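Tertiary structure, described
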Amino acid sequence: MHIVQIDGETLTIEDVVKVAYNEARVVIPEKVKARVKACREFLEKFLEKGEVIYGVNTGFGALSDTKISRDELKQLQTNLIRSHAAGVGKPLSTEIVRATMLLRANTLAKGYSGIRLKTLETIVEMLNKGVHPIIPAKGSVGASGDLAPLSHMVLVLMGEGEAEYKGEIISGKEAMEKAGIKPVQLDFKEGIALNNGTQLMTAIAALNIHEAENLIEAAEIAAALTMEALLGVSDALEEKVHQVRPHAGQVITAKNMRELISGSKLVQTGKEAMAKIGRPHDPYSLRCTPQVLGAARDVVTYARKIVEVEINSATDNPLIFPEEGLCL
């Protein structure tokens, strides 16, 4: 079985795919556990000093100027999740849900969210034991965060909502019981730390990038087969042609296609084609394959770069910086 370690810094799209599709086991390194504990301890001490911290001991949004008493802080976080679990539409696929859970756990593993370690460990335990919250497809507010989708995820963490477990959709409470997982009663800061982020949209983007890369490879194979079927001309794939117009994706696609047709007895040079069929090259639809698929490669490569930064980013509000003594 594959193992994916989360540290908030090094998660890749390949790791996301392993967890989403192949149910790889997720592990929290000891150094990450220590970091999460240290952040929580700092936040607890900060709060004991009577500091006012947005979303921790204040209301949210327009109610940010409303101070919340210490004995109501847990209820505040629970209410936040329940009030935002208002998504609609068909449930997202299990693969997208697993990817979302992984990304949220990875964000929390960075150690800037101020949650308790056991809360992070419970999300990981849900992943490893196959408890998958039912998350409606519609409800994200885009750049401001996947508040509704992530809240549906957290409901199950709390022993509420609905979940899929071993192919059956049941209550979140029952799913957690059957998996032998103790639900979490949210403490201060934890609700806003769990639902304030971009993990759903980023999960979908990561899986789409994986699929796009597979499609480009499939298109290159199809193009190579087409060249064979049509007795195509290989001159347009020559390395020198692409060295003088060195777009990265174009160079890669041309190289891949040269390897795919290597040894072919059907694909020919321009000189051979001229002698046999009276034309020195193929139509644009064939000979421009590297330029077309290469451009697609460049776009997907750029998207991959952005998404891999985002899957290793801290996105909740406020963020806790223990070493600097700051809550921002």
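What you are looking at is a predicted structure, and each value in this text was computed from that prediction instead of being measured.

We now examine the overall build of the chain. A tally of helices and strands in the chain yields 14 helices and 9 strands. Taken along its principal axes, the extent of the C-alpha atoms in the chain is 90 × 45 × 35 Å. For the chain, the proportion of its 328 residues judged to be buried stands at 48%. Across the chain, the fraction of contacts at a sequence separation of at least 24, relative to all contacts at a separation of at least 6, is 75%. Summed over its atoms, the accessible surface of the chain is roughly 16,000 Å², and 56% of this surface lies on carbon and sulfur atoms. Each charge class in the chain can be summarised by its mean position, and for the 38 positive and 42 negative side chains these summaries are 2 Å apart.

What follows is about a negative patch on the surface. A cluster of like negative charges, contributed by Asp235, Glu238, Glu239 and Glu272, occupies part of the molecular surface. Looking at where Glu239 falls in the secondary structure, it is placed in helix 10 (residues 239-243).

Right, let's get into the sheet that holds strand 7 (residues 168-171). Taken in spatial order, the 3 strands of this open sheet run 4-6-7, and their pairing is antiparallel. Looking at strand neighbours, the two that pair on one side only are strand 4 (131-133) and strand 7, the edges of this open sheet. Going from strand to strand, the sheet's axes swing by 35° on average, the running direction of each strand aside. Packed onto the sheet, helix 4 (residues 94-109) meets strand 4 and strand 6 (162-165) and runs at close to 95° relative to strand 4. Sheet contacts for helix 7 (residues 172-179): strand 4, strand 6 and strand 7; angle to strand 7, the most-contacted strand, approximately 110°.

Next up on the list: the packing of helix 4 against helix 9 (residues 199-229). It is the contact of helix 4 with helix 9, at a shortest axis distance of 8 Å, that shows an interaxial angle of 120°. In terms of their interaxial angle, helix 4 and helix 9 are classed as oblique. As helix 4 packs across helix 9, the resulting crossing turns out to be right-handed. Contacts from Glu95, Ile96, Ala99, Thr100, Leu103, Arg104 and Thr107 of helix 4 reach helix 9 at Gln199, Leu200, Thr202, Ala203, Ile204 and Leu207. For the contact of helix 4 with helix 9, the residue count by class is 7 nonpolar, 4 polar and 2 charged.

A few words on the packing of helix 3 (residues 73-84) against helix 6 (residues 147-157). Following both chains from N to C, one finds helix 3 and helix 6 inclined at 120°, their axes separated by 8 Å at the closest point. In terms of orientation, helix 3 and helix 6 fall into the oblique class. Where helix 3 crosses over helix 6, the two elements pack in a sense that is left-handed. Where helix 3 abuts helix 6, its residues Ile81, Arg82 and His84 lie against Leu147, Ala148, Ser151, Val154 and Leu155. Residues that form the contact of helix 3 with helix 6 fall into these classes: 5 nonpolar, 2 polar and 1 charged.

Attention now moves to unusual backbone geometry. Among all residues save glycine, negative phi is the norm, and among peptide bonds the norm is trans. Residue Pro318 is bonded to the preceding Asn317 through a cis peptide linkage, with omega at 5°. Within the secondary structure, Pro318 sits in the loop between helix 14 (289-310) and strand 8 (320-321). Non-glycine residue Glu23 carries a positive phi angle of around 55°. By secondary structure assignment, the location of Glu23 is in the loop between helix 1 (13-22) and strand 2 (25-27). Even without being glycine, Lys189 reaches a positive phi, approximately 75°. For Lys189, the location among the structural elements is in the loop between helix 7 and helix 8 (190-195). Overall, Lys189 belongs to the buried group, its relative accessible area being 0%.

Conventions adopted
One numbering rule holds for all chains: residues counted from 1, following each sequence as written. In view of the model being predicted, local features appear only for residues whose pLDDT reaches at least 70, and side-chain atom pairs are presented and counted only at 80 or more, with totals across whole chains, interfaces and linings using the full set of residues. Note: side-chain values were computed over all heavy atoms of the structure, leaving out hydrogens and water. Counting from the N terminus, the helices are the DSSP runs of H or I reaching at least four residues and the strands are the DSSP runs of E reaching at least two. Throughout, exposure labels follow a simple rule: accessible area from a 1.4 Å probe, protein chains only, divided by the maximum for the residue type, with under 20% read as buried, over 50% as exposed, and the rest as partly exposed. Here, two residues are considered to be in contact whenever any of their heavy atoms come within 4.5 Å of each other. Every accessible area reported is derived by Shrake-Rupley at a probe size of 1.4 Å, with residue values counting cover from the shown protein chains alone. Under the counting rule used here, the positive set is Lys and Arg, the negative set is Asp and Glu, and His together with the chain ends is not counted. Charge positions come from single atoms, namely NZ of Lys, CZ of Arg, CG of Asp or CD of Glu. Patch members must show over 30% relative accessible area and no salt bridge, and they are joined within 9 Å when carrying like charges or within 5 Å when they are nonpolar side chains of Val, Leu, Ile, Met, Phe, Trp or Tyr. Should a side-chain nitrogen of Lys or Arg be within 4 Å of a carboxyl oxygen of Asp or Glu, the pair is scored as a salt bridge. Pairing between two strands is assigned when DSSP locates at least 2 bridges connecting them. Angles here are taken between N-to-C directions and fall from 0 to 180 degrees, while the axes themselves are lines fitted to C-alpha atoms, restricted in helices to the stretch in contact. Throughout this description, any angle smaller than 35 degrees is read as roughly parallel, any larger than 145 degrees as roughly antiparallel, any in the 65 to 115 degree range as roughly perpendicular, and the remainder as oblique. Take the far helix as your reference; a near helix turned counterclockwise from it by less than a right angle gives a left-handed crossing, and one turned clockwise gives a right-handed crossing. Residue classes follow a fixed rule: Ala, Val, Leu, Ile, Met, Phe, Trp, Tyr, Cys and Pro count as nonpolar, while Asp, Glu, Lys and Arg count as charged, and any other residue, Gly among them, counts as polar.

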